[in-house]
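Now for the letters of each chain:
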Amino acid sequence: MISPEWQELIAQKRAARDSYIPSAWRVPSQIMDKIHPEANLSAFDLLKESNLLTSREIEITESWDATALLGFLASAKISSLEVTAAFCKRAAIAQQLTNCLTEILFDKALDRARLLDEYLAREGKTMGPFHGLPISLKDTMMVKGEYATLGFVSYLKKPPAEENSVIVDMLLDAGAVLYVKTNVPQTLFICEGYNNVFGQTMNPHKLCLTPSGSSSGEGALVGFRGSVLGVGSDIGGSIRAPSLCCGAFGFKPTANRLPYAKQQALIPKGWPGIMPTLGPHATSARDLTLLFKSIVQGQPWVRDSTAQAVAWRDVPRKSKLRIGVWPSDPDFPVTPPVSRALASAVEKLKAAGHEVKLLTQPPSLKTAAILGGRSLDLDPDQSIFKILAEAGEEPIPALRELRPDELVSGREANLAEIWSINADKEDYREEWGRIWREEKLDVLLCPGGRTTAVPHGKYGVPAYTIIWNLLDFPSSVVPYLQADKSLDLPATENYDPVVVDKAPVGVQIVGWRFQDEEVLMATEVIAEVLAR
């Protein structure tokens, strides 16, 4: 049980965060009184009701993606100060409506924007590819002078960061404006949005639904357009699941293509399991490419010895892709909105002239889920649970239910188990290798999850995303369609079409290991087709 001492620290932390929201940006109390995790309300509707944003602020935050804004910023058609102020204000509203932020850096961001505007006027050139653009960060990333609690109560006693994460330094050197850090679930190993420090992050499309996780706040903030470009991390679906649930684009690269060094402590050094990776959340497919390309062209391996020394490759755009389609797995059947979105996407791609090949005998997804579970259970000290115990935290129900009995191997995580996992992973990757070779696939199209956003605490095992972490295959998600209670029938024991009505749906695009550039190219091509 969390002691009164820790409860006081939690209250102080929340109050300190909220104090950075200017009074002029406060959502009226009559609206705030409606907000809770069971509310069947849209944050977009509440935003309109609040009447807090000016028409210009709405234009800046809703009309353009990051690529377009960067063009305006570079040509001085719009100032970084105006763009930053608009996104700070919208992020402040997003926090009040969805509880998506952990750290608020508005004052520093506005000072940085002024500096960048002065630099452009004085030098006649931009500071870098992200010049003047506000970029949001998952709480795991260290920003000098700021905290990174990761939602752990015991981390409330950790001091602020003494140095930046490598990717933070690279973003700043490229001219970015860093203005918020975003919420995560307890332990970061579940696709939910709750921790004991900051509470429940809610889905902007429907507050009663989960934003998923573990980049919960990033998904909610970008989905609400309180950010057009953010950086999250992914070890089992943590970028893609919240992007899908919140109606954003997301990309999980091959591990260590982007620099992971100097994150807040979580996984002990020497970890032999699935490797986490950083990646972008965005409002367009081309912005996924923008962030990934810009960081890789900055040669992250020079700064981070764990980053892959693999230079960016310009991949020619294909007018005709060969796409494998994996519609569902019998052990993890998808719900009607997911099935409808994937079928519609396939028909659109066929009509656009792309070759589509239905996979009739894909490898077992249950095999991947079991192997993924084994790979995430290799810490002999159970370090994450020790972090919880330091403050008397109990695992939340969603964490306890993550690995149902049928997905737990029961074997001891010793050297023999590590060897066995690696051997099984090689065999499983080769099963997919045969399909890729025989079908001559450019990419694979498949579900990003069994369902859309679901009620809080009900997301379950992220089988359709963890498989690609296990195999270290790059994969992206593209938002496409919405759940529709009149079309997505029938209801089942674990699926209620009324509850998820109007929740975002999407598709997942997967490529072979280190073919990140090909996946990003295909994502742009497919997204354009689906937008028609």
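The structure we're discussing is the one just above.
Thresholds, definitions, all that
- Residues numbered from 1 in each chain as written.
- Predicted model: local features only at pLDDT ≥ 70, side-chain atom pairs only at ≥ 80, totals over all residues.
- Heavy atoms only, no water.
- Buried < 20%, exposed > 50% of the residue type's maximum accessible area, 1.4 Å probe, protein only.
- Helix = DSSP H or I, 4+ residues; strand = E, 2+ residues; numbered from the N terminus.
- Pairing = 2+ DSSP bridges.
- Salt bridge = Lys/Arg side-chain N within 4 Å of Asp/Glu carboxyl O.

Peer 1: A description of the pairing of strand β13 (residues 504-510) should follow, citing residues and the corresponding values.
Peer 2: When you tally the buried positions in β13, you get 7 out of 7 residues, the bulk of the element. Where strand β11 (residues 443-446) and β13 come together, 3 bridges link them in antiparallel fashion. Note on β13: the bridge partner recorded for Leu444 is Val510. Judged from the 6 bridges that link them, strand β12 (residues 475-482) and β13 form a sheet pairing that is antiparallel. Bridged to Pro479 within β13 is Gly506.

Peer 1: I'd like a rundown of unusual backbone geometry, residues and numbers included.
Peer 2: The omega torsion across Gly213 and Ser214 is 15 degrees, close enough to zero to call that bond cis. Tracing the chain through its elements places Ser214 in the loop between β5 (199-200) and α9 (216-223). At the junction of Leu489 and Pro490, the peptide bond is cis and its omega measures out at 5 degrees in the coordinates. Summarising the element assignment, Pro490 is placed in the loop between β12 and β13. The backbone of Asn99 shows a phi angle near 60 degrees, a positive value even though the residue is not glycine. Mapped onto the fold, Asn99 is located in the loop between α6 (80-98) and β1 (101-104). When its relative accessible area of 12% is taken as the criterion, Asn99 is described as buried.

Peer 1: Would you mind going over the pattern of salt bridges in detail, with residue names and values included?
Peer 2: A complete count under the given rule lists 33 salt bridges for this structure. Note that Lys318 is salt-bridged to Asp442, the shortest N-O span being 2.6 Å. Of the two residues, Lys318 sits in the loop between α11 (285-297) and β9 (322-325) while Asp442 sits in the loop between α16 (415-439) and β11, which places them 124 residues apart along the sequence. For Arg513, the salt bridge goes to Asp472, with nearest N and O atoms at 2.9 Å.

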